[in-house]
Structures are given as C-alpha cells and as structure tokens.
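# Residue-level structure breakdown
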Amino acid sequence: MEQQAHIHGSYWLHTVPPRDPEPPPEGPLTVDVAVVGAGIAGLSTALELARRGRSVAVLEAHRIAAGVTGHTTAKLSAQHTLVYDHLRRTRGPDGARLYARSQTDAVRHAAEITEELGIDCDWEDTASYTYAEDPARIDLLKAEAEAAREAGLPAEFVTETELPFPVAGAVRVADQAQFHPRKYLLAVADAIRRLGGTLHEYSRVTDLHEGDPCELTVESPASATKVTAHSVVVATHYPVFDRALLFTRLSPRRELVVAAPIDAGRAPRGMYITPERNTRSVRTAPLPDGRRLLVVTGEHFTPGTGGDVEERFRTLADWATGHFGDLTFSHRWATQDNESTDSVPLVGPLHPGSKNVYVATGFGGWGLSSGIMAGRMLSDRITGHACPWNDLYDPRRIASVVREGAAFLKHQADVARHFVGDRLPTGTGSAVDEIAPGDGAVVRVSGERCAVHRDEAGQLHALSARCTHLGCLVAFNRAERAWECPCHGSRFDVQGKVIQGPAQRPLEQREL
C-alpha cells in the first residue's frame, strides 16, 4: 500500500491548469455590478447578471476557480447531510421546503447551464446518500428521510448501498449530480466574457465605500485603481468586508481530501457522507483510462488547531484502504468551509443599512449548490425580481440567531478563548534552534511572538504571529506549509502572503 500522495494539490486544479492571467483593471472602471471573488458564487452571480444585460466586472485576488471551489469534493446536491430534520424543528416545515426548493433549483440550473453552454465537465447524474454504520443512529436517519421527503426531495430510508462495507442505514436522495467544478467554471467565465463582462485576476479589493454608486479600491502587483459600481457582491467565501460582524456567526472548518485511482468495477455509484468518524465523504470521478478516481474527505478541524495534520492525512488514507482495499494515492489536498451558527447560508444585503452591497457566505460544506443558488437569488434582488427564499437566507435575520443561541455562544467562546488566551503571558514554546527543516513554530523573540518557519535548506523566515484580521495568534500547518488563524480561518503562506481571508494584509516581516 502506497500512503504518500504523488501530488499535494487538488485534482481539479491539476487536470485543468491555469490559463494566462486575466489582467487587472488598467485604470478607473465603471460597471453596473462589481463582483468580488471568482469562485462558484461570484461567477454564478456574474453570469446571471450578464445574461440579464448588466455590465459586470469580476475582481479576484488570486486566480479564477482556484480557491475554495477549486478544492471542493464537487458534489452538487440538495441533500446536505442531516439538515432537513433540523430545519423542520427550527424553521418549521415551510422553511425546510424553501431550503429544498432553492437547493434543488440550483442543481437543475447547473444542469441547464451545462447543456446550454455545451460544457464538457464530466457531468454525472447520481444519487446522494447520508449513511451511518452505528445502529444507534437509525432513528436519526429515519427522521431525516421523513423530513427531506416532506420538504419535497425524492428521499427514502434504505439499508443497502453500493459501498463495499455494510451500513446500518442511509438516507438516499435521487436525481443529484457530480461534476468537474473547474471545467464548469472556466466555461462559465468564458460565457461571462462573451456577454460583455470582464474578469480581473490578481486584483485584490482592499477598500469599499458604500453609496450610490459604490467605489472599490483595487490593488494589483503593479498599481492600484478604482472601480465604480451601482451594486457590489462580496462573494469571497469569508466576507472581506464585514460591517455587520458576520464573523461572529461563521465558524471556519478545514477538511482533508485523499484521492486514488480505482478499478471501475470496485467504484461505488453515488455520493456518500457520514457524520461519523469526524466525517467521511466518498465519491468517484471518471479518469481518462477508464478507471475512476476515489475521492475521500474527512478529518475536519478548525484551522490552526489541527495538531499533526500529517497524521490526520494518514488516518484518512488508512480509513480509505481499510474500506476500499489496497490503494495508491495520486492526490491529496484540503478544503475550507464556513458554517453559519444557524446552519443556513447568509445571502443578501451585507448589513441592515445596505442598499447596494450584498454578501454570500456560510455555505457549510455545500458551496456548489449554495453558490449557484446565491447567484440566482442575488441577481434577482439586484434586478428587482422577487425570490421566494429571500427571507430564509437573509443575513439580517435575528430570530434564527436567538433560536440557535447555544451554537452562537459556543462559537463566540471558542474565538474568545483564542483571542484572550493569545494575549496572556505564556512560555516561549519552541526555541528557534529546535525548529526542524520544513517545520514552523510560534516563538517569543525579544518579547514578541514571532511565527518562524525553517525551509528545507535551513533558512529561517520570521513573521509577526498575529493575524492581520483581528490579532489572534496563528499556528503552523506543516502538512500544507501554511500559517493558520484559529479565530476566523485566515491562512498565510510561509512568506506571510494571504492565502485565504478574511485577512487582507500579509503577516508583517520580522528580523531574528
């Protein structure tokens, strides 16, 4: 058995390499709508608006479809683990039905876009399963099947699946889909261009002035410029502009992925997930040689608190080989998601006073369907059309925060523990000379905590250890060679550059 993956990176990114970069705006730019972020939510929103005749500019800090969406497991489903029984209890049957309608609409719309644009994205219609091996969870699964069916999904409780191991039971939902997300989104980007929209990579939005119109400051490696827009959509996964303090209602979660080729005859049809064993998610994708790629996800943790992430990768790989037989892993990567404290995404006006600025966040691991849903819903709002589920997803909702008070308070306690604890006097931790090549640690240097990484050549790289978002201490993820903030999930490379927000500024350089 070969445990070490050959490629530490996303299969979706590896199989569709980057194109030539889209240039940043060359000077001041005026459009109807500026979309910040070029993942599934941002590009879906831009496509819908361009199809309705609006002029659109998409501003991406890095590369198109290469962030969170480029690292997804690429399940396109309205079944989101065990959400419907929860919604039936907290939002009532009508809330659960609206959630099912909106997510199903997104799955169907993606199929329509794929057919209309002739996208070759390995689209496959398939069923989705939430399963459990523990018999004690059968009642939970039966309640979920009943709630999902009541909400309008083709759901049923079953005891047989195509997994190569027995399960106690599962909720099966027919008529779902899986695809290659990067192939799909690059085709969507092409369609946006054909409709007159513009896309700009390496264009980080650093300031937003709300008004009518709104004005954005865009910084690129060569210069800075202004973009003026009547409406702005913040689709950066975690909001980089957060006047409503949405970070108090979002919990970041990092999850590992391992992938290995498997003979088609051994590959289970369908998409599978279980909340057991710190989550295990399974799907397969077609390979050019006729085999399938087995994609296994799990071992989730809050960024910056994952401990030995290499050991977590080994645990996930061991589970895969233990359940699917001998495997040679070809890829491994990690994905990051944000969960809202009331389990429903936050899509709509950025804050109570917003008239022209909108946000899409909190997809909780189901960003493909929720991102497409957000694109349709926000384009409706911007163009003055009614959408039946506006209230369900509205970020300004207060009643749901009260209902989900326990989750809200737990999230705040976890953040406060890091925020306050990071400021209390502690020992120095590792000494600089104890940091091994390839590793990193937070150490105290001249009274200041520094994030120090030693590269494979032995060279030391020192940075401030305080996240530039709100000042929590970062921690080193050796497996991915990144500094991670446990408070809100910001991530930085070993040079201090921002990999993922909400931080917008790099970690400050320090001298040892």
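This part is about the nonpolar core. Grouped together as the largest cluster of nonpolar side chains are 77 residues, with contacts concentrated most on Leu43, Tyr84, Tyr184, Val347 and Tyr393. In terms of residue count, the dominant contributor to this core is helix α6 (residues 181–194) (eight residues). The contacts of Tyr393, once residues within four sequence positions are left out, are Tyr99, Ser102, Gln103, Val344, Pro345, Leu346, Val347, Met373 and Met377. Within the second largest apolar cluster, 29 residues are counted, among which are Tyr129, Ala170, Val258 and Ala320.

Before going further, it helps to examine the side chain of Glu60. With respect to the helices, strands and loops of the structure, Glu60 is situated in the loop between β3 (56–59) and β4 (75–76). One buried charged residue, Glu60, forms no salt bridge at all, with the nearest opposite charge on Arg204 at 7.4 Å. Within the local environment of Glu60, its side chain forms a polar contact with the backbone nitrogen of His62, the two atoms lying 2.9 Å apart.

Moving on: the state of the cysteines. One pass over the structure, following the stated rule, counts one disulfide. Each sulfur in the disulfide pair Cys472 and Cys487 lies 2.0 Å from the other. Between Cys472 and Cys487, the disulfide has an S-S torsion of -85° and is therefore left-handed. A residue pair is termed long-range when its members are at least 10 positions apart, and Cys472 in the loop between β21 (460–464) and β22 (475–477) and Cys487 in the loop between β23 (482–484) and β24 (491–492) qualify at 15 residues. Comparing Cys472 with Cys487 shows no difference in burial state: the two are buried.

A few words now on the pairing of strand β18 (residues 357–361). Of all five residues making up β18, five are buried, and the element is well covered by its neighbours. Taking every second residue as pointing to the same face, both faces of β18 are buried, with Val357, Val359 and Thr361 on one and Tyr358 and Ala360 on the other. Taken together, the three bridges between strand β11 (residues 224–234) and β18 define a ladder with parallel strand orientation. Directly across from Val232, in β18, lies its bridge partner Val357. Here four bridges tie strand β17 (residues 346–349) to β18, and the two strands are oriented antiparallel to one another. Residue Pro349 lies in a different strand from β18, and its bridge partner there is Tyr358.

Conventions and cut-offs
- Residues numbered from 1 in each chain as written.
- Predicted model: local features only at pLDDT ≥ 70, side-chain atom pairs only at ≥ 80, totals over all residues.
- Heavy atoms only, no water.
- Core = buried A, V, L, I, M, F, W, Y, C linked by side-chain atoms within 4.5 Å.
- Buried < 20%, exposed > 50% of the residue type's maximum accessible area, 1.4 Å probe, protein only.
- Helix = DSSP H or I, 4+ residues; strand = E, 2+ residues; numbered from the N terminus.
- Contact = heavy atoms within 4.5 Å.
- Lys, Arg positive; Asp, Glu negative; His and termini not counted.
- Salt bridge = Lys/Arg side-chain N within 4 Å of Asp/Glu carboxyl O.
- Polar contact = N/O pair within 3.5 Å; in protein donor to acceptor, adjacent residues only side chain to side chain.
- Disulfide = S-S within 2.5 Å.
- Pairing = 2+ DSSP bridges.

Structural measurements only, silent on function.
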